[in-house]
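# Topology and contacts: notes
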Amino acid sequence: MDSGVIVKLQDIVVQFDDEQVLKKINLDIKDKEFITLLGPSGCGKTTTLRIIGGFVKPDEGKVYFDGKLINGIPPFKRQVNTVFQKYALFPHLNVFENIAFGLRLKNTPEKEIRSRVLEMLEMVNLEGFGAKNVDYLSGGQQQRVAIARALINHPRMLLLDEPLGALDLQLRKEMQIELKKMQQQLNITFVYVTHDQEEALTMSDRVVVMNGGIINQIGIPEHIYNEPINAFVAKFIGESNIIEGIMHDDLDVEFAGKRFVCLDKGFAKKELIDVVIRPEDIHLMEPTDETINGTVETVTFKGVHFEMIVDSFGYKWKIHSTKSVAAGSVVGLTLTPEDIHIMKKVDSTGVKNVSTEEDEVDDETF
Amino acid sequence: MTKRSKVAAFPYIIWIVLFTIIPLTLVFVFAFTDKSLHFTWDNLTNASKYMPVLIKSIYLAVLATVICLVIAYPLAYIMSRKNGNSQRMMVMLVMLPMWMNFLLRTYAWMTILENNGLINTFLQSIGLSKIQMINTQGAVVLGMVYNYLPFMILPLYSIMTKIDNRIIEAAQDLGAGSLHVLRRIIFPLSFPGITTGITMTFVPAVSTFVISGMLGGSNNFLIGDLIEQQFLGNEYNLNYGAATSLLLMIVVLISMGIFNQFDNAELEETLI
């Protein structure tokens, strides 16, 4: 991946009616990467996208594109194009004219318009749809038109605002693969906004997890999944068990009344921490003195695996396993050091509001 | 289901028969008969003698309609892009004059425009000479614009509020500056509002007699005044009045027909 930075957001603050939507966001977007802004609704991800597109002016902070300050540049002069939520196709124009819109504005010769639109239609698998009215297209087709319309301008960067939100699951999965393929073929930057963690993990080179107007964590999908920086990220990216613990020393942690060897260091001695354990990382066996012992409360078949809730001294562990154990039986849980992820209690940026979110999420699950 | 909808439609059918079909038939009958109910073309041939009056009426109505459109279009657009509260406020301000009686509003203009009216008194007081305003074509057009402007603003405004902001943003995103947004997005999407607005302004303007009577004086005798005279004036002649009405109705229908020929796509093509 090219390491050149195409868009740089510096200390961005956005306020809507006294409410801070973005609280000093800093983000470097690298050229030609597929980066996803991920977070729950109201976290500021769409606002961040709209700042890059030019539709929202930050109250504070600087936006750079290719090293040039672009705070005051209106959307129509920016080298980015957007695929809008619900597509925002022009209802008075047919498919061909929707896609040709950007070229017509530049007074492109008719012949070139024709060939480029046809090329785009082919790319998004809509050959022969040119004369169709956009209202008669299915959601998936409308979405392809929106993508073609944005890409025909050869933007340096494509912004996508929850483009798959309105599609059914099957179509969504297909489009995820297609979008990723398109991004690699065109070799341009995609900035993708979604609240769907699976979508983010599947497609992205990097994921930016946002919550409450701040960035919690930036990293490659594997890293975000395996090493969540705080309880919010851990909860938001996949399912997890979060339990309080004490870090006795480097590589030595205590939780659930047991001492474990882990791979984390750099914490203060006796520091209170949160431990994240993914449900699929927990192994079930006969209870011994070494294992965390509990009673199986419920067993639910989920297709690929069984989901079991095991009650151990009041804490309810969520476990995913391909083998089921009868409800009511007593089992032992074992963990290997690489399954144990230690997180600092307070978010690394020191912003406290993350922990309130933690509490909310905790209430739901436990 | 169909039976129920038939029952539900019944009062409206009666309404239409009583107040649309029967009166229209009567107009037809009167237009083609003389006082003893014998068929005749005389009423129509007589009415067509007043062609200059008809042409003048159409000319003034078109002028007023165009002025209304020019004023209303930007205003409606600005209103539609405001937030909820200021939108409601502005709609109310537009509607406010309509709460007052039509005659009263026109009278008010008389007292403003008269030779000894507000404006001329003011002009004299600062040492300027009087301007003849009342009893001119200008006064008639002013009266039409003032009275019918809300009928232009409201349909335009209501259609413009339906234009999703995201569509405008999408156009900007693809490289359209404000002029292009107006020409390629707002205008074609608001076109049905323009046709409605023009109809709602032009039709009452072309047939008005109150405005021309009060602000235009005897020099600005319009087709509406002609019709009024036949029904209420000294020249009482129902048959002749009906024939003139019929003529006016045909003119309106034809102009609407021509106007509706410009459909969206054509207009757009001529603009691009």
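Residues numbered from 1 in each chain as written. Chains lettered and ligands numbered in written order. Predicted model: local features only at pLDDT ≥ 70, side-chain atom pairs only at ≥ 80, totals over all residues.

Counting secondary structure elements, chain B contains 13 helices and zero strands. Counting from the amino terminus, helix and strand elements in chain B follow one another as α-α-α-α-α-α-α-α-α-α-α-α-α. Overall size of chain B, expressed as C-alpha extent along the three principal axes, is 75 × 70 × 35 Å. Considering only intrachain contacts with a sequence separation of at least 6, the fraction spanning at least 24 residues in chain B is 71%. (Helix = DSSP H or I, 4+ residues; strand = E, 2+ residues; numbered from the N terminus. Contact = placed C-beta atoms within 7 Å.)

This part takes up the overall build of chain A. When its secondary structure is counted, chain A shows nine helices and 20 strands. Taken along the three principal axes of its C-alpha coordinates, chain A extends 80 × 45 × 40 Å. Burial status across chain A gives 40% buried among its 366 residues. Nonlocal contacts in chain A, meaning residues at least 24 apart in sequence, comprise 65% of its contacts between residues at least 6 apart. (Buried ≥ 20, exposed ≤ 12 C-beta atoms within 10 Å, placed from the backbone.)

Residues and elements named next belong to chain B. The topology assignment puts T106 in helix 5 (residues 102-113). When the C-alpha positions of T106 and V7 are compared, they lie 44 Å apart, and in sequence the two are 99 residues distant. T106 has contacts with G143, V210, I211, M214 and L215, leaving out every residue within four places of it along the chain.

Residues and elements named next belong to chain A. Strand order in the open sheet formed by five strands is 15-19-16-17-18, and the pairing between neighbours is antiparallel. Edge positions in the sheet fall to strand 15 (283-285) and strand 18 (315-321), since each of these pairs with one other strand and no more. Neighbouring strand axes in the sheet, compared pairwise and without regard to direction, differ in orientation by 45 degrees on average. By the bridge criterion, six bridges tie strand 16 (residues 292-301) to strand 17 (residues 306-312) in an arrangement that is antiparallel. For T295, the partnering residue across the bridge sits in strand 17 and is D311. (Pairing = 2+ DSSP bridges. Axes fitted to C-alpha atoms, helices over the stretch in contact; angles between N-to-C directions.)

Further remarks concern the interface of chain A and chain B. It is common to give the size of an interface as the accessible area that goes away when the parts come together. Taken together, the 16 residues of chain A in the interface contact 16 residues of chain B. At the level of elements, strand 6 (80-83) and helix 2 (95-105) of chain A are the ones that each hand at least two residues to the side of chain A that touches chain B. Broken down by element, the side of chain A that touches chain B gets its largest block of residues, three residues, from helix 2 of chain A. Looking at the side of chain A that touches chain B residue by residue, the classes come out as eight nonpolar, six polar and two charged. (Nonpolar A, V, L, I, M, F, W, Y, C, P; charged D, E, K, R; others polar.)

Attention now goes to the domain arrangement of chain A. Looking at the assigned domains, one finds that chain A contains domain 1 (5-224), domain 2 (239-278 + 337-366) and domain 3 (283-334). Once you take the C-alpha centre of each, domain 1 of chain A and domain 2 of chain A turn out to be 35 Å apart. (Domains from an automatic or database assignment.)

Our next topic: the sheet that holds strand 20 (residues 341-344) of chain A. All names here are of chain A. Read across the sheet, five strands follow the order 13-12-11-14-20 without closing on themselves; strand pairing throughout is antiparallel. Both edges of this open sheet fall to strand 13 (258-261) and strand 20, since each of them pairs with a single strand only. The sheet shows a mean angle of 40 degrees between the axes of neighbouring strands, direction not considered. Note that strand 14 (residues 271-277) and strand 20 share four bridges and pair antiparallel. Of the residues in strand 20, the one forming a bridge with V276 is H341.

All right, on to the nonpolar core then. Counting 104 residues, the largest nonpolar core has A148, L158, V191, V208 and V209 of chain A as its most contacted members. Looking at which element gives the most residues to this core, the answer is helix 4 (residues 139-151) of chain A, with six residues. Beyond its immediate sequence surroundings of up to four residues, V191 of chain A is in contact with I29, I35, L37, L49, I52, M157 and L159 of chain A. Listed in part, the 32 residues of the second largest apolar core include A61, M144, L149 and I194 of chain B. (Core = buried A, V, L, I, M, F, W, Y, C linked by C-beta atoms within 7 Å.)

What follows deals with the pairing of strand 19 (residues 330-334) of chain A. Residues and elements named next belong to chain A. What you see with strand 19 is a clean split: V331 and L333 sit on the buried side and V330, G332 and T334 on the side with no burial. Bridge count for strand 15 against strand 19 is three bridges, and the pairing is antiparallel. Of the residues in strand 19, the one forming a bridge with L284 is L333. Pairing geometry for strand 16 and strand 19, over four bridges, is antiparallel. Counterpart to G294 in the pairing with strand 19 is V331.

What the domain assignment reports for chain B is domain 1 (1-31) and domain 2 (43-271). Computed over C-alpha atoms, the centres of domain 1 of chain B and domain 2 of chain B are 30 Å apart.

Residues and elements named next belong to chain B. Following both chains from N to C, one finds helix 3 (residues 51-81) and helix 7 (residues 137-160) inclined at 40 degrees, their axes separated by 7 Å at the closest point. Relative to helix 7, the element helix 3 is oriented oblique. In the packing of helix 3 onto helix 7, the handedness of the crossing is right-handed. (Parallel < 35°, antiparallel > 145°, perpendicular 65-115°, else oblique. Left-handed = near helix turned anticlockwise from the far one by under 90°.)

All names here are of chain A. One can find G328 in the loop between strand 18 and strand 19. Take G328: there are 9 C-beta atoms within 10 Å of it, and that puts it in the exposed class. Among residues more than four places away in sequence, those in contact with G328 are T295 and V296.

It helps to recall that an α-helix has 3.6 residues per turn; residues three or four apart then point in one direction. Helix 1 (residues 45-53) of chain A sits mainly inside the fold: eight of its nine residues count as buried. Taken residue by residue, helix 1 of chain A has K45, T46, T47, T48, L49, I51, I52 and G53 of chain A as its buried positions.

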